[in-house]
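# Working through the structure, step by step
Spelled out, the chains give:
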Amino acid sequence: MTRRILDHPVLGKIENNNYVSFIFNNKVYKGLENESLAAALLSHGIRTLRYHEDSGSPRGFYCNIGHCYECRVSVNGQSGIRACVTPIKEGMIVESNGPLQPLNKEDRRLENG
Amino acid sequence: MDNAIIIGSGPAGLTAAVTCAENGIEVIVIDEYMLAGGRLLGQLYQEPNGSWWNGIKESTELYKKAVDLGVKFHLNTAVNNIEKSNSLWVIYTEKGEFCTSNLLLATGAAESPIPVPGWTLPGVMSVGAAQVMTNVHRVKPGERGVIIGVNVLSAAIAMELQLAGVEVACLTLPKMNPITEDAGHPRKVLNSLLHVSHMAPSPFVRYGSKLMKNEFMKKLGVTFYPKKGVKMWNIPIQLRKAVIEICGENEVEGVKIATISTEGEVVPGSEEYIQVDFVCIAGGLYPLAELAAVAGCPFYLIEELGGYVPLHNERMESSLEGLYVAGNITGIEGAKVAAAQGRTAGLSIAHRSGVKGLESSIRDSIEMTQQIRNSAHIQFHPEVEVGRKKVLKQWEAYQANKRREVI
């Protein structure tokens, strides 16, 4: 079921009708060209954009205007891209990043110290 | 003729760009978002005369006007740093460097988060995020949500969500802790709400605001505040309830809400569970001023303006040669005030660039900003005028000090 607000009592109907295909975690989705990746995924009910580097807990967009970096994903192989300020294009390959390789105990002590 | 660079394409930046271009100055506007308009894009509310203020329409018109006047836009371009080099401002972006003798920072505002247990779950978002999804991208943030934080912005956005067919179960306070002290305290929140009550269609709230002008009545107001809350646009506003936890396995599934005392303390055993699929956190806005800080502007903490603001005068000049500020970077106010400040900044830039005969226009524009402020429908802080005066006083003190140093 789409979560798009196709008709709005004040703003009217959505004019953009130019759907493109993109890949998110190996699955093909459609979105409106140039809308944000976060919006395109949300329209399919997808809220989890990545898993925390350390704890592995799921994360989604928070501020939606580029400040908080909670929505970072990999786009065409480049990591750390903010889904909320990245317009989708035909054929884009998007991936969630998961937990990083755990550090060994000694490194971790250094990091926390 | 000189050129100007404007960082931020919200109401202040766009209006400044148009004003500069009308005075024959070459303008470049840089913004990290994919659309011009900034926070103006999401705005949607009914004016007292019944007409709708449509942020997308306003943004598009301003953007088109700027483009027609020859303004160049670099959207989707984040600025990483700015510095002064050989009397020019150098702007470092992820798409290369720019330089100019006149730089305007119109970076706007950001939202303060409120820490609540469970707030990292997907489906928890800032209230502004829900606004942008709903009004700009036209995607529902969820089917049914709760808004944590009762203030002008969250009340306005609750109405916008409802307009788009998204159910808002209620607006509540956050559970009080050292960080949420003001946002979690019923009486303090009620105090700030009295200033927006004229927007409310509910006679309870409207009538109440006249009754509650003194401290004693405010206290009574919270004590007698109906446990079920009062309704604004049919949405319950709960000043005596707080969200104590956001729940869900992999994303938001519900929230735990408890009754709180007039001092914000949770009443034991009053917890209940409400099913929702999204949660908005509304911690209020603060000026987004990092670039002014890296440039070396002096800063002052002015609560009435929403936080730390870079020193500036009424002509929108910072204390640094060739650096200007306009819009919410100078204090949290509405889009119309931001646009008026943008016009003043544009005129000041044109004046410095050698355009003759602008003195009276600059004075008029400053006067106009004041008028727009006084007639604003929504005031983010009731004492914004006091805050503005504080900045001007600091400016005078700073300039006097500088003159003494020269002597």
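Parameters at a glance
- Residues numbered from 1 in each chain as written.
- Chains lettered and ligands numbered in written order.
- Predicted model: local features only at pLDDT ≥ 70, side-chain atom pairs only at ≥ 80, totals over all residues.
- Helix = DSSP H or I, 4+ residues; strand = E, 2+ residues; numbered from the N terminus.
- Buried ≥ 20, exposed ≤ 12 C-beta atoms within 10 Å, placed from the backbone.
- Contact = placed C-beta atoms within 7 Å.
- Axes fitted to C-alpha atoms, helices over the stretch in contact; angles between N-to-C directions.
- Parallel < 35°, antiparallel > 145°, perpendicular 65-115°, else oblique.
- Nonpolar A, V, L, I, M, F, W, Y, C, P; charged D, E, K, R; others polar.
- Left-handed = near helix turned anticlockwise from the far one by under 90°.
- Domains from an automatic or database assignment.
- Pairing = 2+ DSSP bridges.
- Core = buried A, V, L, I, M, F, W, Y, C linked by C-beta atoms within 7 Å.
- pLDDT = per-residue confidence, 0-100.
- Expected span 1.5 Å × (residues − 1).

## With respect to the overall build of chain A
Helices and strands together make up the secondary structure of chain A, namely two helices and nine strands. Looking at chain A as a whole, 35% of its 113 residues qualify as buried. Contacts in chain A between residues far apart in sequence, at least 24 positions, make up 42% of those at least 6 positions apart.

## Re the packing of helix H9 (residues 335-352) of chain B against helix H10 (residues 359-374) of chain B
All names here are of chain B. Running from N to C, H9 and H10 cross one another at 170 degrees; their axes reach a closest spacing of 9 Å. As far as their axial angle goes, H10 and H9 are roughly antiparallel. Contact residues: H9 offers Lys336, Val337, Ala340, Gln341, Arg343, Thr344, Leu347, Ser348 and His351, while H10 offers Ser361, Ile362, Ser365, Ile366, Met368, Thr369, Ile372 and Arg373. When grouped by side-chain class, the residues that make up the contact of H9 with H10 number seven nonpolar, seven polar and three charged.

## Considerations on the packing of helix H3 (residues 127-136) of chain B against helix H4 (residues 152-163) of chain B
Residue and element names in this part refer to chain B. Here H3 crosses H4 at 30 degrees, and the two axes come no closer than 10 Å. Taken together, the axis directions place H3 and H4 in an arrangement best described as roughly parallel. Seen along the crossing, H3 lies across H4 with a hand that is left-handed. Along its contact with H3, which presents Val127, Ala130, Gln131, Thr134 and Asn135, the element H4 presents Leu153, Ser154, Ile157, Glu160 and Leu161. Residue composition of the contact of H3 with H4, grouped by class: five nonpolar, four polar and one charged.

## Let's talk about the domain arrangement of chain B
When the parts come together, some accessible area is lost, and that loss is often what is quoted as the size of the interface. Residues and elements named next belong to chain B. Looking at the assigned domains, one finds that chain B contains domain 1 (3-110 + 286-406) and domain 2 (113-283). The distance between the C-alpha centroids of domain 1 and domain 2 comes to 31 Å. Listed as interface residues are nine residues of domain 1 and, on the opposing side, ten residues of domain 2. Among the residues forming the side of domain 1 that touches domain 2, the class breakdown is seven nonpolar, two polar and no charged.

## Description of the sheet that holds strand S7 (residues 88-93) of chain B
All names here are of chain B. As summarised here, the arrangement of the three strands in space is S6-S7-S8, forming an open sheet in which the pairing is antiparallel. Every interior strand has two partners, whereas the edge strands, strand S6 (79-85) and strand S8 (96-100), have only one. When the angles between neighbouring strand axes are averaged without regard to direction, this sheet yields 20 degrees.

## Let's talk about the nonpolar core
Counting 139 residues, the largest nonpolar core has Ile6(B), Ala17(B), Leu104(B), Ile148(B), Val279(B) and Ala326(B) as its most contacted members. Residues from two domains meet in this core; each of domain 1 (3-110 + 286-406) and domain 2 (113-283) of chain B gives at least three.

## Brief notes about the pairing of S7(B)
Residues and elements named next belong to chain B. As paired strands, S6 and S7 are joined by six bridges and run antiparallel to one another. If you follow Val79 over to S7, its bridge partner there is Thr93. The turn linking S6 back onto S7 is made up of two residues, and Asn86 within it adopts a positive phi angle of 50 degrees. Pairing of S7 with S8 involves five bridges; the strand directions are antiparallel. Paired with Tyr92 across the two strands is Glu97, which belongs to S8.

## Re the interface of chain A and chain B
Counting from both sides, the interface comprises 29 residues of chain A and, opposite them, 31 residues of chain B. Elements with a contribution of two residues or more to the side of chain A that touches chain B: helix H1 (37-42) and strand S6 (58-59) of chain A. Of the residues contributing to the side of chain A that touches chain B, the split by class is 14 nonpolar, ten polar and five charged.

## Focus on the sheet that holds strand S22 (residues 323-325) of chain B
All names here are of chain B. Pairing is parallel in the open sheet, where five strands are placed in the order S5-S2-S1-S9-S22. Across the chains shown, the open sheet's two edge strands, defined by having one partner strand only, are strand S5 (72-74) and S22. The average undirected angle you get between the axes of adjacent strands in this sheet is 20 degrees. Note that strand S1 (residues 3-7) and strand S9 (residues 102-105) share four bridges and pair parallel. What sits directly across from Ile6, in S9, is Leu104. Sheet strands in contact with helix H1 (residues 11-22) are S1, strand S2 (26-30) and S9, and its direction is about 165 degrees off that of S2. Together, S1, S9 and S22 form the strand contacts of H9, whose direction differs from that of S9 by roughly 170 degrees.

## With respect to the confidence of the model for chain B
Mean pLDDT over chain B works out to 90, with 91% of the residues at or above the 70 mark. Among the scores for the predicted complex, ipTM is 0.90 and pTM is 0.91.

## A few points about helix H11 (residues 384-406) of chain B
Residue and element names in this part refer to chain B. Between the first and last C-alpha of H11 there are 34 Å, a value that for 23 residues agrees with the 33 Å anticipated at 1.5 Å per step. Every buried residue of H11 is listed here: Val384, Gly387, Arg388 and Val391. Buried-residue contacts for H11 involve strand S20 (299-302), strand S21 (307-310) and H10.

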